[in-house]
Amino acid sequence: LTSMLPARRSPRRPPRRGPGSMDVSKFEPLMEAAVTNTVSFVKENPAAVVGASVSAVLAGLLFASRRKTLRDGSDFTSISGSLKFLNNEETTMTKEQVASEVSGYEKLFKGARQSVGQITTEESVETRKTEYQTMVNSFYNLVTDFYEWGWGQSFHFAPRWTNETFMESIYRAEYHLANNLGLRPGHHVLDVGCGVGGPMRNIARFSGCSVTGITINQYQVDVGNRYCRSMGLADRCQLVQGDFQTLPFGDQSFDAAWQIEATCHSPDRVRVFSEVLRTLKPGGVFAGYEWVVLPNYDEANADHVRIKEGIEVGNGLPTLVRGEDITACLEAAGFEVVTAYDAQRGVHSEHEIPWYATLQGTYSISGFRMTYLGRCCTHALVWTLETVGLAPRGTTRVSALLNATALDLVEGGQLEIFTPSWFFVARRPSA
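What counts and how
- Residues numbered from 1 in each chain as written.
- Predicted model: local features only at pLDDT ≥ 70, side-chain atom pairs only at ≥ 80, totals over all residues.
- Heavy atoms only, no water.
- Helix = DSSP H or I, 4+ residues; strand = E, 2+ residues; numbered from the N terminus.
- Buried < 20%, exposed > 50% of the residue type's maximum accessible area, 1.4 Å probe, protein only.
- Contact = heavy atoms within 4.5 Å.
- Areas by Shrake-Rupley, 256 points an atom, 1.4 Å probe, with all protein chains shown as cover.
- Axes fitted to C-alpha atoms, helices over the stretch in contact; angles between N-to-C directions.
- Nonpolar A, V, L, I, M, F, W, Y, C, P; charged D, E, K, R; others polar.
- pLDDT = per-residue confidence, 0-100.
- Pairing = 2+ DSSP bridges.
- Right-handed = clockwise from strand over helix to strand, strands pointing away.
- Salt bridge = Lys/Arg side-chain N within 4 Å of Asp/Glu carboxyl O.

Here we look at the overall build of the protein chain
Inference 1: Scanning the protein chain from terminus to terminus reveals 15 helices and ten strands.
Inference 2: Each of the 431 residues in the protein chain was classed as buried or not, and the buried ones make up 49%.
Inference 3: Look at the contacts in the protein chain between residues 6 or more apart in sequence, and 74% of them connect residues 24 or more apart.
Inference 4: When the accessible surface of the protein chain is totalled, it reaches about 21,400 Å², and 55% of it is carbon and sulfur.

Printed below as a string of structure tokens:
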């Protein structure tokens, strides 16, 4: 109906100007001429414009890549910040070594994703168990920065309620661990397979305890200790390099111990659990979250085996086991198992957000990087950086490896054949 009414035009009034303001109307012809000339130039010289644009983008990437890491929690919170790993002071590898590390890692999973069952053979599993130090160290040399970019300083999953943010769920999982260990000020605790130390710093602040973490990877030690210093926790949190199969600590050194998704890398869980028991004081408690296949996993189902193998190759694992195997290994090491259960047992409850949902991402500012499209964008950026020589040769293969395993993890979670959060609490006997 309004379109049938005669248009009402208000008389044009000259714009009001305050003292000292400028009449920009006289510049409009010049601005229009500039736009017209620019459009004409683009039409007549498309190659020059594309070349200049590419040069500008590369110059921006080069500038961003020269920024140094601060290790204050802000390094990987933006795309430009994520490029800081190209100018990483803590790196223990040269650019030339990266491709060699990638090739060595891939050899340990020869045939993966080419033929189902190829890396489940006894020979393949035994090779990875024998070479596990090389496998795990190479893996974390290659993926630590990618993990920080996509996940933060705590490299683990967590049960998540529908009203929780991702980081709230991560903290809650860590505090749940601390509560089950009964941590308080004055306790000295061991973090077995500590990564860059995100959980140890959160738990130390939460409980007031002191923590020593061990990781086989020197790069993670250097990064983690720098974080501890920058956060004012160097007096209570320390990372050391070593093999958790042979812990470099004296008998009965710790009041408690934990591991979060770390001993899944072990070639012999009875041995690592025995080492933890040795370093605990009598009555000391050991708790953790383990990666396991669930009762729904069917080793005769080729699709299940494909998913399991994809998780293994993408996460540096000798092989995945079942929850009851974890209990058996703890008891064989001498522990009394207090409890063991899947902390993700409500994964598809209407009140919970599936643990794998973060890998699917959301189309938001914070979640986009984890969507399929976001991972494709990151992969394209990594490819560009490697192609122009800013990123080491082999970086794109690492990105592809992590993208593929993200899909495997999601499938494993959807089918409920895998959990990253098999929770256990075990105690060293008092006598």
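Observations regarding the packing of helix α6 (residues 132-151) against helix α9 (residues 218-230)
Inference 1: It is at 8 Å that the axes of α6 and α9 come closest, and there the two elements cross at 35 degrees. Touching Asn137, Tyr140, Asn141, Thr144, Asp145 and Glu148 of α6 are Gln218, Tyr219, Gln220, Val223 and Tyr227, all from α9.
Inference 2: Looking at the contact of α6 with α9 residue by residue, the class counts come to four nonpolar, five polar and two charged.

Digging into the environment of Ala391
Inference 1: Following the sequence through the fold, Ala391 ends up in the loop between α14 (372-387) and α15 (395-414).
Inference 2: Along the primary structure Ala391 and Val98 are separated by 293 residues, whereas in three dimensions their C-alpha atoms are 9.7 Å apart.

Quick word on the confidence of the model for the protein chain
Inference 1: Residues with a pLDDT of 70 or more make up 78% of the protein chain, whose mean pLDDT is 85.
Inference 2: In the predicted structure, residues 1-16 sits below a pLDDT of 50 and forms zero contacts with residues beyond four places in sequence or in another chain.

Looking at unusual backbone geometry
Inference 1: In the Ramachandran plot, Arg113 falls in the positive-phi region, its phi being about 65 degrees despite a non-glycine side chain.
Inference 2: With respect to the helices and strands, the residue Arg113 is situated in the loop between α4 (95-107) and α5 (122-130).
Inference 3: One non-glycine residue, Glu416, lies in positive phi territory at about 55 degrees.
Inference 4: On the secondary structure map, Glu416 appears in the loop between α15 and β10 (418-427).

Concerning the pairing of strand β2 (residues 188-192)
Inference 1: Most of β2 sits inside the fold, with four of its five residues counted as buried.
Inference 2: Where β2 meets strand β3 (residues 210-215), five bridges bridge the pair, whose relative direction is parallel. Along β3, the bridge assignment pairs Val192 with Ile214.
Inference 3: In this region the chain leaves β2, passes through helix α8 (residues 198-207) and returns to the parallel neighbour β3; the handedness of that crossover is right-handed.
Inference 4: Pairing analysis gives three bridges linking β2 to strand β5 (residues 254-260), with the strands arranged parallel. Following the sheet pairing, Asp191 is matched in β5 by Trp258.

Quick word on the pattern of salt bridges
Inference 1: Throughout the structure, instances matching the rule amount to ten salt bridges.
Inference 2: Between Glu164 and Arg172 there is a salt bridge; the shortest N-O distance is 2.6 Å.
Inference 3: The partly exposed category is assigned to Arg172, whose relative accessible area is 31%.
Inference 4: For the salt bridge of Arg278 with Asp251, the shortest nitrogen-to-oxygen distance reads 2.8 Å.

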